[in-house]
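# Coordinate inspection notes
Chain residues, written in single-letter form:
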Amino acid sequence: MDALLTALADPARWRLVGLLAERPRSVGVLAQLAGARQPQTTKHLQTLERVGVVTSQRTGQRRVYALRPGPLRELAAALGRLADTADRADGPRATFDEHGISLRAERLAATDSGWADGRSFAFHRSLAAGPEPVWRQLTEPDLLAHWWTPDDLRVSELVFEARPGGRIVQEYCDAEDADGSGQVVGRAEGVVDDVHPGERLAYRLSPLLPDGGLAFTAHVDLRLRPSDTGTDLDVHWRLADSTVESADFVAGIELGFGQSLDRLAATLAAPLATDSHDTESTNTRSAK
């Protein structure tokens, strides 16, 4: 497939493929129709024959070439599969497009400092676990690191001190940067305001601009309530201290934090992961 793509990428060879799609033709006629010299045309046809897209036979003093449609159909099918994968209704491309719309809107709105102050975002998730395991997911760094980023990012540094006045640091990189050799994509710093285990967690979190300044301050309030199926989690974001440069960060809040909560819900819905951590915590408490 790579050799075929390389062969077809040349405009002169692509022109010859188009001419042979109409009918088999001799080298001389192809050279005339393509406006090229016959030796150059012969070389191009030999390249196309090597990758299997044309075939030839000698007739008297002429060599006549014909197109083989099979390789082109295989290429078209492969390209179609790629397009279908990218065009999935629920795929990453849809998320990319949605984020692009939000980016354009927020950049237009960000004309002065304080432009997003007072903006709020509300999130709700019904989680398949009791308040205690949910609370651990919200406050223990080792657990937070598995879900506290959008789908295309991963945590590279995380500090979360679950006490009033406790420090928060969230640094992240591309999710596919497995060895950490890529650049840091973003960093946020904050402080915990209020802690009521199993019930309420409140903190302030500020993404950092490239110059180290604060993009905005998000006042985040998380409340947990037991439910028949586990725990209802309600999260409220309120923005303050917004800068003009914060538009790209604001554009990602609804989609990005929503994806994070979806990862949290999926984590808690996995029985083996939840049960094993519950058992480990029970054993630890018993040993104490």
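Everything numeric here is computed off the predicted structure, so don't read it as measured data.

This brings us to the nonpolar core. In this structure, Trp148 and Trp237 are the most contacted members of the largest nonpolar core, which totals 41 residues. Considering each element in turn, this core owes the most residues, 5 residues, to helix α10 (residues 253-269). Those residues in contact with Trp148 that sit more than four places away from it in its chain are Val155, Leu158, Phe160, Ile168, Gln170, Tyr203, Leu205, Phe257 and Ser260. Leu20, Leu45, Tyr65 and Leu75 belong to the second-largest nonpolar core, a separate cluster that totals 15 residues.

It is worth spelling out the confidence of the model for the chain at this point. Residues of the chain with pLDDT of at least 70 account for 93%, and the chain-wide mean is 91. In this model, residues 274-288 is a region of pLDDT below 50 whose contacts with residues beyond four sequence positions or in other chains number 9 contacts.

Taken N-terminus to C-terminus, the directions of helix α2 (residues 11-22) and helix α3 (residues 27-34) make an angle of 120°; their axes are 10 Å apart at the nearest point. Viewed along their axes, α2 and α3 form a crossing whose handedness is right-handed. Residues Arg15, Leu16, Leu19 and Leu20 of α2 form the contact with α3, whose own contacting residues are Leu30, Leu33 and Ala34. When the residues that make up the contact of α2 with α3 are grouped by side-chain class, the tally is 6 nonpolar, no polar and 1 charged.

Let us look at the sheet that holds strand β5 (residues 153-160). Strand order across the open sheet formed by 7 strands is β4-β10-β9-β8-β7-β6-β5, with antiparallel pairing between neighbours. Taken across any chain shown, the strands that pair with only one partner, and hence form the sheet edges, are β4 (120-127) and β5. Within the sheet, the average angular offset between the axes of one strand and its neighbour, ignoring direction, is 20°. Pairing analysis gives 8 bridges linking β4 to strand β10 (residues 230-240), with the strands arranged antiparallel. Looking at the pairing, Arg125 lines up with Leu233 of β10. Contacting β4 and β10, α10 runs over the sheet at an angle of about 15° to β4.

This paragraph deals with unusual backbone geometry. Residues other than glycine seldom take positive phi values, yet Asp241 does so here, at roughly 55°. When you line up the elements, Asp241 lands in the loop between β10 and α9 (247-251). Residue Asp241 is classed as exposed on the basis of its relative accessible area, which comes to 52%.

Bringing the side chain of Gln170 into the picture now. Assignment of secondary structure puts Gln170 in strand β6 (residues 167-174). On the accessibility criterion, Gln170 (8% relative accessible area) is buried. The contacts of Gln170, once residues within four sequence positions are left out, are Trp148, Thr149, Glu157, Leu158, Gly186, Arg187, Ala188 and Leu205.

What follows is about the pattern of salt bridges. Taken as a whole and assessed by the stated rule, the structure comprises 16 salt bridges. Ionic pairing is found between Asp151 and Arg263, a salt bridge with its closest N-O pair at 3.9 Å. One end of the pair, Asp151, is in the loop between α8 (141-144) and β5; the other, Arg263, is in helix α10, with 112 residues separating them in the sequence. A relative accessible area of 26% places Arg263 in the partly exposed class. Here Arg200 and Asp194 are joined by a salt bridge, their closest N and O atoms 2.3 Å apart. Put simply, Glu157, Glu171, Arg187 and Glu189 are held in one network by salt bridges that share partners.

The rules we used
Residues numbered from 1 in each chain as written. Predicted model: local features only at pLDDT ≥ 70, side-chain atom pairs only at ≥ 80, totals over all residues. Heavy atoms only, no water. Core = buried A, V, L, I, M, F, W, Y, C linked by side-chain atoms within 4.5 Å. Buried < 20%, exposed > 50% of the residue type's maximum accessible area, 1.4 Å probe, protein only. Helix = DSSP H or I, 4+ residues; strand = E, 2+ residues; numbered from the N terminus. Contact = heavy atoms within 4.5 Å. pLDDT = per-residue confidence, 0-100. Axes fitted to C-alpha atoms, helices over the stretch in contact; angles between N-to-C directions. Left-handed = near helix turned anticlockwise from the far one by under 90°. Nonpolar A, V, L, I, M, F, W, Y, C, P; charged D, E, K, R; others polar. Pairing = 2+ DSSP bridges. Salt bridge = Lys/Arg side-chain N within 4 Å of Asp/Glu carboxyl O.

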